[in-house]
Amino acid sequence: MKAIVFDAFGPADVLHLGDVAMPEVRPGDLLVKVHAAGVNRADLLQRQGYYGRQSYGESDLLGLEVAGEVVAVGSAVADVRIGERVMAIVGGGAYAEYARVDRGMAVRIPPHLDDLGAAAVMESFVTAWEAAVHLGGTAKDTSILVHAAAGGVGSAVVKIAHALGARVFATSNAERRDDVLALGAEAVFDYRSEDFEQSVRDATGGTGVDVVVDFVGGDYLPRNLRSLAPGGRLVQVGLLGGQDSTTIPLALLLHNHLRLIGTVMKSRTADEKRAMVRRFAEGALPLFADGRLTPLVGRVYPLAQAADAHRAMEEGGGFGKVVLKVAE
C-alpha cells in the first residue's frame, strides 16, 4: 500500500509517498481503509526526531487519527461490521491507505458527518472532553477559562463547554478573537495585550471561574490559580510556553481548596486511552450526532502533499484542523 514515509529526520521535505507493507490485523483490531487523516503537532515533532525512533506503539508511520471504512475485523471483534464508517485514534499509521485500529479506540462516525470532518474529531475532542468535562467538571451553569483557544484542542474545549451550557472565557491573539467568539466564547482576551487575570475578575464580578484549561504553563500557573473561584479546578494539558517550572501560591491553593490536575494522552496506557474514548463516546458523540458539536476543518491536502500540510502547520496562521485526504 501507499503511505507517507521519511528516510531521515528533518524538515517537511523529507516526507514522500512510498510503498509499505499492509498492517497485520490482530484479534482485537479493525483494518480501516483510510479516507482522511488528521495532522497533529506531534506528527511534526516525530518527523523532526523529537521522539527519536520511538513509535507510538502501533506503527512507525506518521499519523494519530483516521476516518474511513472498515474492510476487515479481528477474530475477537463482534460489534463492528465490514463496511461501517469509523473514526479512531491510532498509535501511528494514519498517513497511509490502510490503518490498523484498536477496536477500543474507534467509534462510529455519525451519519451526517463526512470523512474530512470525522478526521478532525478524535485527537482534539477526546483530549478536550477529558480535560474540560471528566477532569474539570465543566457542565451547565459552570464557568471556564480556556487558554490557546484558537488551537486544535483549545477550540474543541470552547465548543464543548458552550454546547454544555457553560459560560466560556478564552484567550487567543487578537486576530483570532472573532473566530473564537464564533465558537461560543462569551469573551476573548488577547494574551499579548490584556491581563486575563484582571479580565476574568471583571467578567465574573470578582468571583473567578470554576475551571481553567491551560495549554501554556509556566508563569500562567499562579495567574490561573488566582483566576479560579473557591473549589475551582485547573487542568494543565500542555506546556506551549516552553517553561515547566514556576512558583505556586500554595496558601491560595489551600485556602480556596483548589485542585491542580495534569493530563496528557501520549503517556497514558492503552487501557486508559480506551477509557478516554469510551467517555468521549458516551458524553460527546451524542452532541455530534444531534449537531450541537461540529468539527473545525481548516486546510485539506491530498496524502501525497503531506509535506505541504506540515509546512502549513509550521507556518501557522490557519484556523481549524489540517487534514489529509487519502481516498473517497
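Going by the structure above, here's the rest.
My aim in this report is to walk through the structure given alongside it, one point at a time. Source: prediction; values computed, not measured.

Let us look at the pairing of strand β11 (residues 209–214). On any regular strand, side chains alternate: one points to one face of the sheet, the next to the other face. Within β11, five of the six residues are buried, which leaves the element mostly enclosed by the surrounding structure. Pairing analysis gives three bridges linking strand β8 (residues 143–146) to β11, with the strands arranged parallel. What sits directly across from Ile144, in β11, is Val211. Pairing of β11 with strand β12 (residues 228–236), which is carried by five bridges, proceeds in the parallel orientation. Paired with Val211 across the bridge in β12 is Arg233.

Our focus in this paragraph is the nonpolar core. Formed by 53 residues in total, the largest nonpolar core has its most connected members in Met87, Met122, Ile144, Val213 and Phe280. For this core, the element with the highest residue contribution is helix α3 (residues 122–135), accounting for eight residues. With residues up to four places along the chain from it excluded, the contact list for Val213 reads Ala131, Ala132, Ile144, Leu145, Val146, His147, Val157, Val235 and Val237. By size, the runner-up hydrophobic cluster in this structure holds 33 residues, among which are Ala94, Ala99, Ala106 and Tyr301.

With that settled, the discussion passes to the sheet that holds strand β13 (residues 259–262). What the six strands build is an open sheet, ordered β10-β9-β8-β11-β12-β13; its pairing is parallel. The sheet terminates laterally at β10 (187–190) and β13, the two strands that pair on one side only. Pairs of neighbouring strands in the sheet enclose a mean axial angle of 15°, with direction left out of account. Each of β8, β11, β12 and β13 is contacted by α3, which is oriented at about 155° to β12, the strand it contacts most.

A separate point is the pattern of salt bridges. Under the definition given, this model contains 23 salt bridges. A salt bridge links Asp102 to Arg274; the nearest nitrogen and oxygen atoms lie 2.7 Å apart. You can see Asp102 sitting in strand β6 (residues 98–102) and its partner Arg274 sitting in helix α9 (residues 270–283), a full 172 residues away along the chain. Through salt bridges with shared partners, a single network forms among Asp13, Asp308 and Arg311.

With their axes 8 Å apart at the nearest point, α3 and helix α4 (residues 152–164) run at an angle of 60° to one another. The angle between α3 and α4 places the two elements in the oblique class. When you trace α3 past α4, the crossing you get is right-handed. The segment α3 lies against α4, with Ser124, Phe125, Thr127, Ala128, Trp129, Ala132 and Val133 engaging Gly152, Val153, Ala156, Val157, Lys159, Ile160 and Leu164. Grouping the constituent residues of the contact of α3 with α4 by class yields ten nonpolar, three polar and one charged.

Moving on: unusual backbone geometry. Negative phi characterises most residues that are not glycine, and trans characterises most peptide bonds. Here Asp141, not a glycine, exhibits a phi torsion of approximately 70°, which is positive. Note on placement: Asp141 falls in the loop between α3 and β8.

A word on α4. Given a rise of 1.5 Å per residue, 13 residues ought to cover 18 Å, and the 19 Å separating the end C-alpha atoms of α4 matches this to within 8%. At its buried positions, α4 is contacted by α3, β8, β9 (167–172), α5 (177–183), β11 and α10 (285–289). Note on α4: the residue one or two positions beyond its end, Gly165, has a positive phi of about 95°.

With that settled, the discussion passes to the environment of Ala106. Positionally, Ala106 belongs in strand β7 (residues 106–108). The spacing of Ala106 and Gly152 is 46 residues in sequence and 20 Å in space, taken between C-alpha atoms. Apart from the residues lying within four places of it in its own chain, the contact partners of Ala106 are Leu30, Val86, Met87, Ala88, Val101 and Val277.

With that out of the way, let us pick up the packing of aromatic side chains. This structure, assessed with the given rule, holds six aromatic pairs. Here the aromatic rings of Phe280 and Phe288 are separated by 6.1 Å at their centres, their planes lie at 55°, and the arrangement is tilted. The buried category is assigned to Phe288, whose relative accessible area is 1%. Put simply, the rings of Phe125, Phe280 and Phe288 pair up and form one aromatic cluster. The ring centre of Tyr191 lies 5.8 Å from the NZ or CZ of Arg192, which sits over that ring. Between the NZ or CZ atom of Arg223 and the centre of the ring of Tyr220, over which it lies, the distance is 5.3 Å.

Reading the values: the criteria
- Position numbers for residues count from 1 along each chain, tracking the sequence in the order it is written.
- Under the rules for a predicted model, residues below a pLDDT of 70 receive no local features and side-chain atom pairs below 80 are neither given nor counted, while totals for whole chains, interfaces and linings still include all residues.
- As a rule here, side-chain values come from all non-hydrogen atoms in the structure, and water together with hydrogens is ignored.
- Residue exposure (1.4 Å probe, protein chains only): buried if accessible area is under 20% of the type maximum, exposed if over 50%, otherwise partly exposed.
- Put simply, DSSP marks the helices as runs of H or I at least four residues long and the strands as runs of E at least two long, and each gets a number from the N terminus on.
- For two strands to be treated as a pair, DSSP must find no fewer than two bridges joining them.
- Here, the term nonpolar core denotes a set of buried Ala, Val, Leu, Ile, Met, Phe, Trp, Tyr and Cys residues that are joined through side-chain atoms within 4.5 Å.
- Whether two residues are in contact is decided by their heavy atoms: any pair within 4.5 Å suffices.
- Whenever a helix is involved, its axis is fitted only over the stretch in contact; in every case the axis is a line through C-alpha atoms, and angles between N-to-C directions fall within 0 to 180 degrees.
- Any Lys or Arg side-chain nitrogen found within 4 Å of a carboxyl oxygen on Asp or Glu counts as a salt bridge.
- For classification, angles of less than 35 degrees are called roughly parallel, those exceeding 145 degrees roughly antiparallel, those between 65 and 115 degrees roughly perpendicular, and all remaining angles oblique.
- Crossing chirality is assigned from the near helix's rotation relative to the far helix, an anticlockwise turn below a right angle marking it left-handed and a clockwise turn marking it right-handed.
- Here the term charged refers only to Asp, Glu, Lys and Arg, the term nonpolar to Ala, Val, Leu, Ile, Met, Phe, Trp, Tyr, Cys and Pro, and the term polar to all other amino acids, Gly among them.
- Working rule for helices: expected span equals 1.5 Å times residues minus one.
- Aromatic pairs are defined between Phe, Tyr and Trp rings, using the six-membered ring for Trp, whenever the two ring centres lie within 6.5 Å; interplanar angles under 30 degrees are classed as stacked, those over 60 as edge-to-face, and all others as tilted.
- Working rule: Lys NZ or Arg CZ, within 6 Å of ring centre, within 35 degrees of ring normal, means a charge sits over the ring.

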